[in-house]
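Structural characterization, general
Residues per chain are reported as follows:
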Amino acid sequence: MGIHRCYHLFNQNTLSAIPFAMDIVAENFTLLCLNEEMQGRIGPDALGRKCYAVLRDDGTPCPNCPWLGPLEPDQRGSLEVDGILGAKSFRITYRLIE
């Protein structure tokens, strides 16, 4: 098994073990990765699309989204956001990784 295949399997298995919905979002708002729980909520076809276009009812970025800046290395936090996936409210926890 090649190192890249091993790395992929490790990441896939690690994400699958997380019991809550999780995604990885690039600085341009693009959904890069979804765990199984998140795929079950929004579908695997969401990959490559803008997070706000998939998750937000009004199709706009979340208020106070960390990607709206300014950004600091290793920035962490959480925000309460309304209007997600059919007028639901979610607490979004994030960590910026360089």
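Before going into details, it helps to say that this report is about the structure given with it. (Residues numbered from 1 in each chain as written. Predicted model: local features only at pLDDT ≥ 70, side-chain atom pairs only at ≥ 80, totals over all residues. Heavy atoms only, no water.)

1. Examining the nonpolar core
Quick reminder of the rule: We define the nonpolar core as a collection of buried residues of types Ala, Val, Leu, Ile, Met, Phe, Trp, Tyr and Cys that are connected through side-chain atoms lying within 4.5 Å of one another. Buried, partly exposed and exposed residues are distinguished by accessible area as a fraction of the type maximum, computed with a 1.4 Å probe on protein chains only: under 20%, between the cut-offs, and over 50%, respectively. Starting at the N terminus, helices and strands are each numbered in turn, a helix being any DSSP run of H or I of at least four residues and a strand any DSSP run of E of at least two. Whether two residues are in contact is decided by their heavy atoms, any of which lying within 4.5 Å being enough.
The biggest cluster of nonpolar side chains holds 17 residues, and the ones touching the most others in it are Leu-31, Leu-34, Ile-42, Ala-46, Cys-51, Val-54 and Leu-55. Breaking this core down by element, the ones donating at least two residues are strand S2 (31-34), helix H2 (36-42), helix H3 (51-55) and strand S3 (76-84). Apart from the residues within four sequence positions on either side, Val-54 is in contact with Leu-31, Ile-42, Ala-46, Arg-49 and Leu-85.

2. Structural notes on the pattern of salt bridges
When the charged atoms of two side chains with opposite charge come close together, those side chains can pair. Quick reminder of the rule: One side-chain nitrogen of Lys or Arg within 4 Å of one carboxyl oxygen of Asp or Glu is enough to make a salt bridge.
By the definition in use, this model includes five salt bridges. The residue Glu-37 makes a salt bridge to Arg-41 at a minimum N-O spacing of 3.4 Å. Highlighted residues: Glu-37 and Arg-41, both in helix H2, separated by four residues, approximately one helical turn. When its relative accessible area of 34% is taken as the criterion, Glu-37 is described as partly exposed. By relative accessible area, Arg-41 is classed as partly exposed at 43%.

3. As for the side chain of Thr-30
Structurally, the position occupied by Thr-30 is in the loop between strand S1 (23-25) and S2. If we ignore the near neighbours within four places in the chain, the residues touching Thr-30 are Ile-24, Val-25, Gly-48, Arg-49 and Lys-50.

4. What to know about the pairing of S2
Residues in a regular strand point their side chains to alternate faces of the sheet. Defined as follows: For two strands to pair, DSSP has to find at least two bridges joining them.
Pairing geometry for S1 and S2, over three bridges, is antiparallel. Within the sheet, the bridge partner assigned to Val-25 lies in S2 and is Leu-31. Connecting S1 to the next strand, S2, in antiparallel fashion are five residues, including Phe-29 with a positive phi near 75 degrees.

5. Observations concerning the pairing of strand S4 (residues 88-95)
In terms of strand pairing, S3 meets S4 through seven bridges, oriented antiparallel. Bridging across to S4, Leu-79 finds its partner in Ile-92. Hairpin connection, S3 to S4: the antiparallel pair is bridged by three residues, and Leu-85 has positive phi, about 50 degrees.

6. Structural notes on the side chain of Asn-35
This is how it is decided: Definition of a polar contact: a pair of N or O atoms within 3.5 Å, with one able to donate and the other able to accept a hydrogen when the atoms are protein atoms, and with sequence-neighbouring residues admitted only if both atoms are side-chain atoms.
The residue Asn-35 is located in the loop between S2 and H2 in this model. The exposure class of Asn-35 is buried, given its relative accessible area of 1%. Side-chain polar atoms of Asn-35 contact the backbone oxygen of Ile-18, separated by 3.4 Å. Separated by 2.8 Å, the side chain of Asn-35 and the backbone oxygen of Phe-20 make a polar contact. Filtering out sequence-adjacent residues up to four positions away, Asn-35 remains in contact with Leu-15, Ile-18, Phe-20, Ala-21 and Met-22.

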